[in-house]
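Letter by letter, the chains look like this.
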Amino acid sequence: LRPFPIVAAATLLAACGSGGDGVIDRTFDACAPTVLDVSALDADQQTGVEDAIALWRAQGIDTLQTEPLDGAATIGVLFQDASPAFHGLYDDQAGIVYINSDLVDPSARAITISHELGHAFGLYHVAIDERVSVMNPGNLTVAPTEDDRVQIEAMWGPCTAQ
Ligand SMILES: [Zn+2]
């Protein structure tokens, strides 16, 4: 197992979606079909990804799927051993979500995956005293909220508009 591609715990905790440089380089259109590549995951891990997809779908973001789709953008999802302080990471250079393989609680795992997918959509951290959000740093309990959907729409437009 490779370690998380990060240099310091403080970097990950401060900016787990921006490679430590404060900018999310590669983002994915939340309104375009996007495949989450779960081919390297075990059954429980794949269930976690499906649960995270359902959490975003509950807010109207219904473009994520695990089945391969020709022409769709692909976000890799990998689980790796890491220190307990590391819940997850969005590698914004490679477009890959990393999740701590020790994070086995189904709810916490799904929340963490949905948080990292938020980074992949281009969302930054939201301080807990600013508002409750799936993008709160270190969040293990808050699913994507209506305000999070508003932030997605600010970037990508309303996905349901035709
Ligand atoms: Zn984060």
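Every value quoted in this text rests on a predicted model; they were computed, and no experiment measured them.

**Q** Just checking my understanding: could you explain the sheet that holds strand S1 (residues 34–37) for this structure?
**A** One key point about sheets: their strands pair by backbone hydrogen bonds, in either a parallel or an antiparallel sense. Taken in spatial order, the five strands line up as S2-S1-S3-S5-S4 in an open sheet, and their pairing is mixed. With one partner strand each, in any of the chains shown, strand S2 (64–65) and strand S4 (88–91) form the two edges of the open sheet. In this structure, strand S3 (residues 73–80) lies alongside strand S5 (residues 96–100), joined through five bridges in parallel fashion. Each residue of the ladder has a partner; that of Val77, found in S5, is Val97.

**Q** Honestly, the state of the cysteines in this entry has me stumped. Any pointers?
**A** A covalent bond between the sulfur atoms of two cysteines is what we call a disulfide. Under the defined criterion, the tally for this structure stands at one disulfide. At a sulfur-sulfur separation of 2.1 Å, the disulfide partner of Cys31 is Cys159. In this structure, the disulfide formed by Cys31 and Cys159 twists by about -80° around the S-S bond and is classed as left-handed. Residue Cys31 is located in the loop between helix H1 (9–14) and S1, and its partner Cys159 is located in the segment after helix H4 (146–156); the two are separated by 128 residues in the primary sequence. We classify Cys31 as partly exposed; its relative accessible area is 24%.

**Q** Even after reading the chapter, I still don't get helix H3 (residues 106–120), so can you show me in this structure?
**A** Every α-helix winds through 3.6 residues per turn, so residues three or four apart in the chain are directed the same way. Taking 1.5 Å per residue as the helical rise, H3 with its 15 residues ought to reach 21 Å, and the 21 Å between its terminal C-alpha atoms agrees with that figure. Taken across its 15 residues, H3 has 13 buried, putting it largely inside the fold. After H3 finishes, the residue Gly122 shows a positive phi value of roughly 105°.

**Q** Explain the confidence of the model for the chain to me, please; I cannot follow it from the model alone.
**A** Low-pLDDT portions of the prediction should not be read for the details of their coordinates. When pLDDT is averaged along the chain, the result is 89; 86% of the residues meet or exceed 70. Predicted confidence is poor over residues 6–14, with pLDDT under 50, and the contacts of this stretch with residues over four places away or in other chains come to 13 contacts.

**Q** Just checking my understanding: could you explain the pattern of salt bridges for this structure?
**A** A side chain with one charge may pair with a side chain of the opposite charge, provided their charged atoms come close. Under the definition given, this model contains three salt bridges. One salt bridge in this structure joins Glu146 and Arg149, with 3.4 Å as the shortest N-O distance. In this pair, Glu146 and Arg149 both sit in helix H4, three residues apart, roughly one turn of the helix. Taking relative accessible area as the criterion, Glu146 reaches 51% and is therefore assigned exposed. When the shortest N-O distance is used, the salt bridge between Arg149 and Glu153 registers 2.8 Å.

Here is what the cut-offs are and how they apply
- All residue numbers here refer to positions counted from 1 along the written sequence of the relevant chain.
- The model is predicted, so local features are restricted to residues of pLDDT at least 70 and side-chain atom pairs to those at 80 or more, both for listing and for counting; the totals for chains, interfaces and linings are taken over all residues.
- For the side-chain quantities, the full set of heavy atoms in the structure was used; hydrogens and water were omitted.
- When DSSP locates at least two bridges between a pair of strands, those strands are taken to pair.
- The secondary structure listing takes helices from DSSP runs of H or I that are at least 4 residues long and strands from runs of E that are at least 2 residues long, numbered from the N terminus.
- Note on disulfides: each one is a pair of cysteine sulfur atoms within 2.5 Å.
- Each residue gets one of three labels from its accessible area relative to the maximum for its type: buried under 20%, exposed over 50%, partly exposed in between, using a 1.4 Å probe on protein chains only.
- Expected span, for any helix, means 1.5 Å times one less than how many residues it has.
- Every residue gets a pLDDT, meaning the predictor's confidence in that residue, from 0 to 100.
- We call two residues in contact when some of their heavy atoms are within 4.5 Å.
- The term salt bridge refers to a pairing of a side-chain nitrogen on Lys or Arg with a carboxyl oxygen on Asp or Glu at a separation within 4 Å.

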